[in-house]
Amino acid sequence: MIIAVDGPAASGKGTLTRKLAEHFNLARLDTGMIYRAVGLKALEIGDPADENVAVEAARSLAFDDLDQAGLRDEAAGKAASQVAAIPAVRDILLKFQRNFATNPPNNKNGPVNGAVLDGRDIGTVVCPDAPYKLFISASSEVRAERRYKELQERGEEAIRSAILRDIIDRDERDRSRTVAPLEPATDAEIIDTSDMDADAVFAAALNFISSQS
Ligand code: C5P
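So, here is what we can say about the structure in this document. Everything quoted here is computed from the prediction, not taken from an experiment.

Once that is clear, we can look at the sheet that holds strand β5 (residues 189-192). With respect to topology, five strands assemble into an open sheet ordered β2-β3-β1-β4-β5, the strand pairing being parallel. Either end of the sheet is taken by a strand with one partner, and the two such strands are β2 (27-30) and β5. The average angle at which neighbouring strand axes cross in this sheet is 20°, direction not considered. With four bridges connecting them, strand β4 (residues 132-137) and β5 associate as parallel partners. For Ser137, the partnering residue across the bridge sits in β5 and is Asp192. Against the sheet, helix α2 (residues 31-45) touches β2 and β3 (115-119), its axis set at about 40° to β2.

Val38, Val89, Leu93, Leu117 and Cys127 are the most contacted members of the largest nonpolar core, which totals 35 residues. Contributing elements (two or more residues each) for this core: β1 (2-6), β2, α2, α3 (51-59), α4 (74-83), α5 (87-102), β3 and α6 (122-126). A per-element tally of this core places α2 first, with seven residues. Summarising the domain contributions, this core has at least three residues from each of domain 1 (1-26 + 112-213) and domain 2 (31-103). Residues in contact with Val89, not counting those within four places in the same chain, are Val38, Ala54, Val55, Ala58 and Val83. Counting 17 residues, the second largest nonpolar core, distinct from the first, contains Val5, Leu20, Ala21 and Ile209.

This next bit is on the site of the ligand. Taken together, the neighbourhood of the ligand is formed by 15 residues, with Arg36, Arg90, Arg120, Arg170 and Asp174 sitting nearest. Arg90 is positioned such that a nitrogen or oxygen atom in its side chain is 2.8 Å from an oxygen atom of the ligand. Protein contact buries 96% of the 460 Å² of open area that the ligand shows by itself. Breaking the shell around the ligand down by element, the ones donating at least two residues are α2, α4 and α8 (160-176). Per-element tally for the shell around the ligand: the top contributor is α2, with four residues. Counting residues domain by domain, the shell around the ligand receives three or more from each of domain 1 (1-26 + 112-213) and domain 2 (31-103).

Cut-offs used in this document
Residues numbered from 1 in each chain as written. Predicted model: local features only at pLDDT ≥ 70, side-chain atom pairs only at ≥ 80, totals over all residues. Heavy atoms only, no water. Pairing = 2+ DSSP bridges. Helix = DSSP H or I, 4+ residues; strand = E, 2+ residues; numbered from the N terminus. Axes fitted to C-alpha atoms, helices over the stretch in contact; angles between N-to-C directions. Contact = heavy atoms within 4.5 Å. Core = buried A, V, L, I, M, F, W, Y, C linked by side-chain atoms within 4.5 Å. Buried < 20%, exposed > 50% of the residue type's maximum accessible area, 1.4 Å probe, protein only. Domains from an automatic or database assignment. Near = heavy atom within 4 Å. Polar contact = N/O pair within 3.5 Å; in protein donor to acceptor, adjacent residues only side chain to side chain. Areas by Shrake-Rupley, 256 points an atom, 1.4 Å probe, with all protein chains shown as cover.

Geometry only, nothing functional implied.
Dropping the structure here:
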(Lines give C-alpha, C1' and ligand atoms only; values in the text may rest on other atoms or scores of the structure.)
Protein backbone atom coordinates (compact mmCIF):
# COMPACT_ATOMS: atom_id res chain seq x y z
CA MET A 1 0.00 0.00 0.00
CA ILE A 2 1.35 3.44 -0.91
CA ILE A 3 -0.46 6.62 0.10
CA ALA A 4 0.74 9.91 -1.43
CA VAL A 5 -0.19 13.10 0.41
CA ASP A 6 0.63 16.51 -1.06
CA GLY A 7 -0.28 20.06 -0.21
CA PRO A 8 1.05 23.53 0.59
CA ALA A 9 2.94 24.62 3.70
CA ALA A 10 1.20 24.04 7.05
CA SER A 11 -1.84 22.39 5.50
CA GLY A 12 -1.90 19.56 8.06
CA LYS A 13 -0.17 16.87 6.00
CA GLY A 14 2.03 15.86 8.94
CA THR A 15 -0.88 15.30 11.32
CA LEU A 16 -2.83 13.36 8.71
CA THR A 17 0.07 11.13 7.62
CA ARG A 18 0.92 10.28 11.24
CA LYS A 19 -2.66 9.09 11.75
CA LEU A 20 -2.68 7.14 8.47
CA ALA A 21 0.65 5.49 9.30
CA GLU A 22 -0.69 4.38 12.66
CA HIS A 23 -4.03 3.18 11.30
CA PHE A 24 -2.66 1.13 8.39
CA ASN A 25 0.73 0.24 9.97
CA LEU A 26 2.78 2.09 7.34
CA ALA A 27 6.28 3.56 7.32
CA ARG A 28 6.02 7.35 7.10
CA LEU A 29 8.30 9.78 5.29
CA ASP A 30 7.90 13.54 5.64
CA THR A 31 9.81 14.51 2.50
CA GLY A 32 9.81 18.18 3.54
CA MET A 33 12.38 17.21 6.20
CA ILE A 34 14.77 16.06 3.47
CA TYR A 35 14.54 19.39 1.69
CA ARG A 36 14.79 21.25 4.99
CA ALA A 37 17.96 19.34 5.93
CA VAL A 38 19.48 20.16 2.53
CA GLY A 39 18.38 23.79 2.94
CA LEU A 40 20.11 24.06 6.33
CA LYS A 41 23.26 22.42 5.01
CA ALA A 42 23.25 24.83 2.06
CA LEU A 43 22.92 27.79 4.43
CA GLU A 44 26.07 26.60 6.22
CA ILE A 45 27.96 26.40 2.93
CA GLY A 46 26.65 29.60 1.31
CA ASP A 47 23.57 30.80 -0.60
CA PRO A 48 20.86 28.08 -0.85
CA ALA A 49 19.62 29.58 -4.13
CA ASP A 50 23.07 28.95 -5.71
CA GLU A 51 22.96 25.68 -7.67
CA ASN A 52 26.54 24.61 -6.82
CA VAL A 53 25.95 25.18 -3.11
CA ALA A 54 22.58 23.39 -3.11
CA VAL A 55 23.88 20.39 -5.08
CA GLU A 56 26.87 20.02 -2.74
CA ALA A 57 24.47 20.09 0.22
CA ALA A 58 22.15 17.49 -1.36
CA ARG A 59 25.06 15.15 -2.17
CA SER A 60 26.35 15.25 1.38
CA LEU A 61 22.96 14.58 3.03
CA ALA A 62 23.10 11.82 5.66
CA PHE A 63 20.30 10.06 7.56
CA ASP A 64 21.38 11.74 10.82
CA ASP A 65 20.70 15.15 9.28
CA LEU A 66 16.99 14.37 9.31
CA ASP A 67 16.56 14.71 13.05
CA GLN A 68 18.70 17.73 13.81
CA ALA A 69 17.36 20.73 15.75
CA GLY A 70 16.08 23.69 13.76
CA LEU A 71 14.58 21.71 10.89
CA ARG A 72 11.09 23.02 11.63
CA ASP A 73 12.13 26.68 11.82
CA GLU A 74 10.85 29.06 9.17
CA ALA A 75 14.46 29.77 8.08
CA ALA A 76 14.88 26.08 7.22
CA GLY A 77 11.53 26.13 5.39
CA LYS A 78 12.61 29.09 3.31
CA ALA A 79 16.01 27.59 2.45
CA ALA A 80 14.22 24.28 1.65
CA SER A 81 11.98 25.94 -0.92
CA GLN A 82 15.04 27.60 -2.50
CA VAL A 83 17.03 24.39 -2.92
CA ALA A 84 13.84 22.56 -3.94
CA ALA A 85 13.49 24.79 -7.01
CA ILE A 86 16.79 23.45 -8.41
CA PRO A 87 16.20 20.42 -10.72
CA ALA A 88 19.59 18.81 -9.96
CA VAL A 89 18.77 18.81 -6.24
CA ARG A 90 15.37 17.17 -6.85
CA ASP A 91 17.04 14.53 -9.00
CA ILE A 92 19.47 13.60 -6.23
CA LEU A 93 16.66 13.32 -3.67
CA LEU A 94 14.22 11.42 -5.90
CA LYS A 95 16.00 8.07 -5.62
CA PHE A 96 15.96 8.12 -1.83
CA GLN A 97 12.22 8.88 -1.74
CA ARG A 98 11.29 6.21 -4.31
CA ASN A 99 13.40 3.65 -2.54
CA PHE A 100 11.62 4.44 0.74
CA ALA A 101 8.21 4.02 -0.95
CA THR A 102 9.00 0.68 -2.55
CA ASN A 103 11.17 -0.79 0.26
CA PRO A 104 9.75 0.82 3.40
CA PRO A 105 11.78 0.22 6.57
CA ASN A 106 10.23 -1.64 9.49
CA ASN A 107 8.68 0.49 12.19
CA LYS A 108 8.52 -0.11 15.96
CA ASN A 109 5.93 -2.88 15.40
CA GLY A 110 8.13 -4.76 12.92
CA PRO A 111 7.29 -5.19 9.22
CA VAL A 112 4.91 -2.63 7.72
CA ASN A 113 2.13 -2.87 5.13
CA GLY A 114 3.55 -0.13 2.93
CA ALA A 115 4.40 3.56 3.06
CA VAL A 116 2.79 6.96 3.36
CA LEU A 117 4.78 9.92 2.04
CA ASP A 118 3.96 13.60 2.30
CA GLY A 119 5.34 16.49 0.32
CA ARG A 120 4.62 18.57 -2.76
CA ASP A 121 5.19 16.19 -5.67
CA ILE A 122 4.58 12.71 -4.25
CA GLY A 123 1.47 12.00 -6.34
CA THR A 124 2.82 13.69 -9.47
CA VAL A 125 6.52 12.71 -9.57
CA VAL A 126 7.80 10.51 -6.73
CA CYS A 127 4.99 7.90 -6.71
CA PRO A 128 2.84 8.61 -9.79
CA ASP A 129 1.43 5.05 -9.61
CA ALA A 130 0.38 5.26 -5.95
CA PRO A 131 -3.14 3.81 -5.62
CA TYR A 132 -4.20 6.47 -3.09
CA LYS A 133 -3.44 10.16 -3.60
CA LEU A 134 -4.64 12.99 -1.42
CA PHE A 135 -4.11 16.72 -1.86
CA ILE A 136 -4.65 18.66 1.36
CA SER A 137 -5.20 22.40 1.21
CA ALA A 138 -6.54 25.29 3.30
CA SER A 139 -6.58 29.06 2.90
CA SER A 140 -3.25 30.76 3.62
CA GLU A 141 -4.83 32.62 6.57
CA VAL A 142 -6.00 29.38 8.20
CA ARG A 143 -2.61 27.76 7.65
CA ALA A 144 -0.77 30.77 9.09
CA GLU A 145 -3.02 30.69 12.16
CA ARG A 146 -2.35 26.97 12.69
CA ARG A 147 1.40 27.49 12.37
CA TYR A 148 1.19 30.46 14.78
CA LYS A 149 -0.58 28.36 17.42
CA GLU A 150 1.87 25.49 16.93
CA LEU A 151 4.85 27.82 17.54
CA GLN A 152 3.15 29.34 20.57
CA GLU A 153 2.53 25.89 22.02
CA ARG A 154 6.22 25.12 21.59
CA GLY A 155 6.96 28.32 23.50
CA GLU A 156 8.58 29.98 20.49
CA GLU A 157 8.20 33.61 19.60
CA ALA A 158 5.96 34.14 16.61
CA ILE A 159 4.55 37.08 14.66
CA ARG A 160 1.31 36.33 12.82
CA SER A 161 1.88 38.69 9.90
CA ALA A 162 5.44 37.39 9.33
CA ILE A 163 4.22 33.78 9.30
CA LEU A 164 1.49 34.61 6.79
CA ARG A 165 4.03 36.40 4.57
CA ASP A 166 6.43 33.41 4.73
CA ILE A 167 3.65 30.97 3.84
CA ILE A 168 2.49 33.06 0.88
CA ASP A 169 6.08 33.47 -0.40
CA ARG A 170 6.86 29.78 0.01
CA ASP A 171 3.62 28.70 -1.75
CA GLU A 172 4.40 31.04 -4.60
CA ARG A 173 7.93 29.62 -4.99
CA ASP A 174 6.62 26.03 -4.76
CA ARG A 175 3.80 26.61 -7.28
CA SER A 176 5.76 28.56 -9.87
CA ARG A 177 8.95 26.50 -10.11
CA THR A 178 9.46 24.78 -13.45
CA VAL A 179 10.30 21.34 -12.05
CA ALA A 180 7.77 19.39 -9.95
CA PRO A 181 5.65 22.40 -9.01
CA LEU A 182 3.12 22.08 -6.23
CA GLU A 183 -0.10 20.88 -7.88
CA PRO A 184 -2.61 18.10 -7.30
CA ALA A 185 -2.19 14.94 -9.37
CA THR A 186 -5.12 14.58 -11.77
CA ASP A 187 -6.28 11.50 -9.84
CA ALA A 188 -5.85 12.99 -6.35
CA GLU A 189 -8.71 13.51 -3.91
CA ILE A 190 -8.63 17.19 -2.93
CA ILE A 191 -9.58 17.97 0.67
CA ASP A 192 -9.98 21.62 1.68
CA THR A 193 -9.39 21.56 5.43
CA SER A 194 -10.08 25.27 6.11
CA ASP A 195 -13.19 24.42 8.14
CA MET A 196 -12.18 20.96 9.36
CA ASP A 197 -10.36 19.75 12.44
CA ALA A 198 -7.71 16.99 12.31
CA ASP A 199 -10.23 14.21 13.08
CA ALA A 200 -12.56 15.33 10.29
CA VAL A 201 -9.64 15.40 7.82
CA PHE A 202 -8.63 11.88 8.87
CA ALA A 203 -12.22 10.64 8.48
CA ALA A 204 -12.43 12.19 4.98
CA ALA A 205 -9.12 10.54 4.02
CA LEU A 206 -10.27 7.12 5.29
CA ASN A 207 -13.53 7.52 3.44
CA PHE A 208 -11.69 8.19 0.18
CA ILE A 209 -9.27 5.28 0.68
CA SER A 210 -12.06 2.81 1.40
CA SER A 211 -14.00 4.06 -1.65
CA GLN A 212 -10.95 3.17 -3.82
CA SER A 213 -10.30 -0.26 -2.33
O1 C5P B 1 6.53 20.38 3.92
P2 C5P B 1 7.57 21.37 4.38
O3 C5P B 1 7.00 22.71 4.68
O4 C5P B 1 8.40 20.85 5.50
O5 C5P B 1 8.57 21.52 3.12
C6 C5P B 1 9.58 22.50 3.07
C7 C5P B 1 9.84 22.87 1.62
O8 C5P B 1 10.46 21.76 0.94
C9 C5P B 1 8.60 23.19 0.79
O10 C5P B 1 8.23 24.55 0.87
C11 C5P B 1 9.04 22.81 -0.63
O12 C5P B 1 9.69 23.86 -1.27
C13 C5P B 1 10.05 21.70 -0.42
N14 C5P B 1 9.49 20.38 -0.72
C15 C5P B 1 9.40 20.00 -2.05
N16 C5P B 1 8.98 18.76 -2.37
C17 C5P B 1 8.60 17.89 -1.42
C18 C5P B 1 8.63 18.28 -0.05
C19 C5P B 1 9.07 19.54 0.26
O20 C5P B 1 9.73 20.77 -2.93
N21 C5P B 1 8.20 16.66 -1.78
